[in-house]
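Results of the structural survey
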Amino acid sequence: MALEFFTHNDLSPTLTQEIVSFLDSQTTSHPFQFPQWSGADSYYAVLREANQIRWFANCGTQFPLGTRLAGLRALTVNRGPVCDDPELWRAVLHEFSEQMRQERFIYIDAAPDRLEITETDGTPGFGPGWNPLGESRISLRLNVTKSEEELLAGLRKTTRYDVRRAERAEVTAEPTKEPSDAQEFLRLYRSLAERKGFSPDPEDHVLSIMRWLQTEPERGALLLARDGAAVVGGAVIVRSGKRCWYVWGANDKNDRFSAGQLLQWRAILWAKAHGCTEYDFGGYTPHATSGPAWFKEGFGGEVVRFVPAPRNVFRPRWHRLMQTFARMRR
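Residues numbered from 1 in each chain as written. Predicted model: local features only at pLDDT ≥ 70, side-chain atom pairs only at ≥ 80, totals over all residues. Heavy atoms only, no water.

1. Observations concerning the overall build of the chain
- Helix and strand counts for the chain come out as nine helices and 14 strands.
- Computed over C-alpha atoms, the radius of gyration of the chain comes to 21 Å, within 12% of the 20 Å expected from 2.2 N^0.38 for 330 residues, which places it in the range of a compact globule.
- Each principal axis of the C-alpha distribution contributes one length, and for the chain these read about 60 × 45 × 40 Å.
- Buried residues in the chain amount to 48% of all 330 residues.
- In the chain, once contacts between residues fewer than 6 apart in sequence are set aside, the share between residues at least 24 apart is 73%.
- Both charge centroids of the chain, one from 42 positive and one from 41 negative side chains, sit 5 Å from each other. (Helix = DSSP H or I, 4+ residues; strand = E, 2+ residues; numbered from the N terminus. Rg over C-alpha atoms; globule rule 2.2 N^0.38 Å. Buried < 20%, exposed > 50% of the residue type's maximum accessible area, 1.4 Å probe, protein only. Contact = heavy atoms within 4.5 Å. Lys, Arg positive; Asp, Glu negative; His and termini not counted. Charge placed at Lys NZ, Arg CZ, Asp CG, Glu CD.)

2. Points about the side chain of lysine 296
- With respect to the element layout, lysine 296 can be found in helix H8 (residues 291–297).
- The charged side chain of lysine 296 is buried without a salt bridge, its nearest counter-charge being aspartate 280 at 7.2 Å.
- Contact partners of lysine 296, with chain neighbours within four places excluded, come to Leu140, Tyr246, Phe281, Gly282 and Gly283. (Salt bridge = Lys/Arg side-chain N within 4 Å of Asp/Glu carboxyl O.)

3. Thoughts on the sheet that holds strand E4 (residues 74–79)
- What the seven strands build is an open sheet, ordered E1-E2-E3-E4-E5-E14-E6; its pairing is mixed. Whereas interior strands pair on both sides, the edge strands pair on one side only; in this sheet they are strand E1 (3–7) and strand E6 (130–132). Geometrically, the sheet is characterised by an average inter-axis angle of 25 degrees between neighbouring strands, direction not taken into account.
- Its contacts with the sheet place helix H1 (residues 13–25) against E1, strand E2 (42–49) and strand E3 (52–62), and it is angled at close to 105 degrees to E3.
- The strands touched by helix H9 (residues 316–329) are strand E5 (107–112) and strand E14 (310–313); relative to E14, the strand with the most contacts, the crossing angle is about 125 degrees. (Pairing = 2+ DSSP bridges. Axes fitted to C-alpha atoms, helices over the stretch in contact; angles between N-to-C directions.)

4. Considering the environment of phenylalanine 299
- Relative to the assigned elements, phenylalanine 299 resides in the loop between H8 and strand E13 (302–305).
- Taking the relative accessible area as the measure of exposure, phenylalanine 299 reaches 1% and is therefore buried.
- Phenylalanine 299 sits 194 residues away from phenylalanine 105 along the chain, and the two C-alpha atoms are 43 Å apart.
- In contact with phenylalanine 299, not counting residues within four places along its chain, are Leu142, Gly154, Leu155, Thr159, Gln261, Gln264, Trp265, Ile268 and Phe281.

5. Digging into the environment of tyrosine 44
- With respect to the helices and strands, tyrosine 44 occurs in strand E2.
- Sequence-wise, tyrosine 44 and leucine 186 are 142 residues apart; in three dimensions their C-alpha atoms are separated by 29 Å.
- If sequence neighbours within four positions are ignored, tyrosine 44 has contacts with Glu4, Phe5, Phe6, Thr7, His8, Leu11, Pro35, Ser38, Phe56, Ala57 and Asn58.
- At a separation of 2.7 Å, a polar atom in the side chain of tyrosine 44 contacts the side chain of histidine 8. (Polar contact = N/O pair within 3.5 Å; in protein donor to acceptor, adjacent residues only side chain to side chain.)

6. Here's the deal with the sheet that holds E13
- With respect to topology, seven strands assemble into an open sheet ordered E8-E9-E10-E11-E12-E7-E13, the strand pairing being mixed. The sheet is open, and its two edges are formed by strand E8 (172–176) and E13, each paired on a single side. Taken pair by pair, the neighbouring strands of this sheet meet at an average axis angle of 30 degrees, ignoring direction.
- Looking at chain direction, E8 and strand E9 (residues 220–227) are connected through five bridges and run antiparallel. Counterpart to threonine 176 in the pairing with E9 is leucine 222.
- Its contacts with the sheet place helix H6 (residues 203–215) against E9, strand E10 (230–240) and strand E11 (243–251), and it is angled at close to 75 degrees to E10.

7. Quick look at the pairing of E3
- The buried fraction of E3 amounts to eight of the 11 residues, a majority that puts the element mostly inside the structure.
- Joining the antiparallel neighbours E2 and E3 is a turn of two residues, in which alanine 50 adopts a positive phi near 55 degrees.
- In this sheet, E4 lies alongside E3 in antiparallel orientation, the contact comprising three bridges. Each bridged residue has a counterpart across the sheet, and for glutamine 62 the counterpart in E4 is alanine 74.

Here it is as structure tokens:
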């Protein structure tokens, strides 16, 4: 096996399309692994067999000590590496890790979109040197191969009522391509972050994803909810293969209707109309009685657990220094 390595500037349109086609063919792929999702510091690893991509990792370069020196780098493979063949996935991961060790990275974090139930040997498929960083990530996935009537019947009673109430109030929720609409969504997103007290994703990144989806409307969509001429909510969804993910959402509060319920319902219908078999709600907390998890649960779906994200440390001394530095900053 011989891995190929690329920087973000190395990607040609042809190679980018090869990677996208491969990701669309894998059930363990995720939108975060698309080259269009990454930035200038990204690092790509590709394995080809018989002139076809068989294994891929989109890695984000981190500088955990706060200085952009080549010798003080770490890698994060968010929702990857990607390869449906578990034996090949493990073997190439080992080769990739050894290469990164030689290149003097401090560590690698990996968080593949691999379900726990697919792993049987107790080591989550990673092998020696990898240690879990925490508990399993959890999400909620909805089977959207059912008819629209069956999907609607599967909604919680109050969720179904809120969808119908928004429709009776003549609120619309449709995909949009207007450049100005992206700014409208960012306004809602900023407002939500301030209300809820969370750190939003960088606006330039969110904007770049929405621009990408405007050029490839089959890949995903920005859906905006409107009450007359006023934009009252928005949701960003992205597809990889036969699965669609809910990535970002925000809406204004309104006593007459729930824009969020209507947007989520229309996002599910968008996924179904575009040939998806599953809709992933993008994270879930079991047994919640309020908040986003309670909201998502109202649409049905099955709880899925992913293998815990682990870390492989190559330079323990620098890693300990990094952890001390992080504690001091906190």
